[in-house]
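# Chain and residue survey
Okay, here's what each chain looks like letter by letter:
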Amino acid sequence: MIKRPKEAPSEPVEFQGVIESLSDTTWVISGVAVAIAGDTAIEGTPQVGSVAEVKAIRRADGSLLAKRITVRKPEEEAAVVEFEGSIESIGDTMWVIDGRAVAIDANMVIEGTPQVGSVAEVKAIQRADGSLLATRIEVKAGQRQGPEPTKTPQVMETPELSEGPEPAETQEPTEAPETNESIRR
């Protein structure tokens, strides 16, 4: 007798974001691919650039299957906010970037390796209460605001460059005391 493992229960997922692409089988909403099935309930008129609220399930393979998508009318759409700034703090549900608190969730797309001090490009939805929900954060590798820590070693290299001409100048004053000793005799 062959026993098959029980299928893991589907995990419900809810998020909202900007529709980036549409096809009959898959939509990309704020960087998240969502499968569309024949029984997916779609409210509103979908178009690239519109904001959509998604209720989906996470399947065993990790992909998302939309159960309901509500596309907001243009007058109902939340404002999409984009900005760039230094990452000031990183928390489980909230980051501070360029002095702005940005809520994050499991559906946010992160590109790069986030570190405090790194520069990040943020794409977020401004909610009705004015708060920001990140849909995508792209961390710029190697860029930081303010002085770079690598500048200190560059300053330390300067004495190495001056060693060539300086020893000759240093040797001349060394000879001067010898001349002074001969005068004392």
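Rules used in this analysis
Residues numbered from 1 in each chain as written. Predicted model: local features only at pLDDT ≥ 70, side-chain atom pairs only at ≥ 80, totals over all residues. Heavy atoms only, no water. Helix = DSSP H or I, 4+ residues; strand = E, 2+ residues; numbered from the N terminus. Buried < 20%, exposed > 50% of the residue type's maximum accessible area, 1.4 Å probe, protein only. Contact = heavy atoms within 4.5 Å. Areas by Shrake-Rupley, 256 points an atom, 1.4 Å probe, with all protein chains shown as cover. 1 Å grid on protein atoms, 1.4 Å probe; cavity = no way out; pocket = protein on both sides within 12 Å on 5 of 7 lines; lining within 4 Å. Points joined across faces, edges and corners; volume = space filled by probe spheres on them. Nonpolar A, V, L, I, M, F, W, Y, C, P; charged D, E, K, R; others polar. Pairing = 2+ DSSP bridges. pLDDT = per-residue confidence, 0-100.

## What about the overall build of the protein chain?
- Looking only at helices and strands, one finds two helices and 12 strands in the protein chain.
- Shown N-terminal to C-terminal, the secondary structure of the protein chain runs as helices and strands in the order β-β-β-β-β-β-β-β-β-β-β-β-α-α.
- Counting across all 185 residues of the protein chain, residues that qualify as buried make up 29%.
- Here the contacts in the protein chain between residues at least 6 apart in sequence split such that 59% fall between residues at least 24 apart.
- Taken as a whole, the protein chain presents about 12200 Å² of accessible surface, with 50% of it coming from carbon and sulfur.

## Focus: the side chain of T135
- Mapped onto the fold, T135 is located in strand 12 (residues 132-144).
- Leaving out residues up to four positions away in the same chain, T135 has contacts with Q16, G17, S30, N107, M108, V109, K123, A124 and I125.

## Some details on empty space enclosed by the protein
- With the rule as written, the count across this model stands at one cavity of 30 Å³ or more.
- When its volume is computed, the largest cavity comes out at roughly 50 Å³.
- Lining of the largest cavity is provided by F15, Q16, I29, S30, V32, D105, N107, M108, L133, A134 and T135.
- Among the elements of the structure, strand 1 (11-22) and strand 12 are those that each provide at least two residues to the lining of the largest cavity.
- The biggest single contributor to the lining of the largest cavity is strand 12, with three residues.
- Counted by class, the lining of the largest cavity contains six nonpolar, four polar and one charged residues.

## Quick word on the pairing of strand 3 (residues 32-35)
- The sheet contact formed by strand 2 (residues 26-29) and strand 3 spans four bridges and is antiparallel. The partner of T26 across the bridge, within strand 3, is A35.
- Connecting strand 2 to the next strand, strand 3, in antiparallel fashion are two residues, including S30 with a positive phi near 50 degrees.
- In this structure, strand 3 lies alongside strand 6 (residues 64-71), joined through two bridges in parallel fashion. Bridge pairing in strand 6 places A35 opposite L65.

## Let's talk about the confidence of the model for the protein chain
- In this model, the protein chain carries a mean pLDDT of 76, and residues with pLDDT of at least 70 account for 67%.
- Low confidence marks residues 144-185, where pLDDT is under 50. Its contacts with residues over four positions away, or in another chain, come to 12 contacts.

## Observations concerning the pairing of strand 1
- Here strand 1 pairs with strand 5 (residues 51-58) via eight bridges, running antiparallel. Bridge pairing links F15 to V54 in strand 5.
- Connecting strand 1 to the next strand, strand 2, in antiparallel fashion are three residues.

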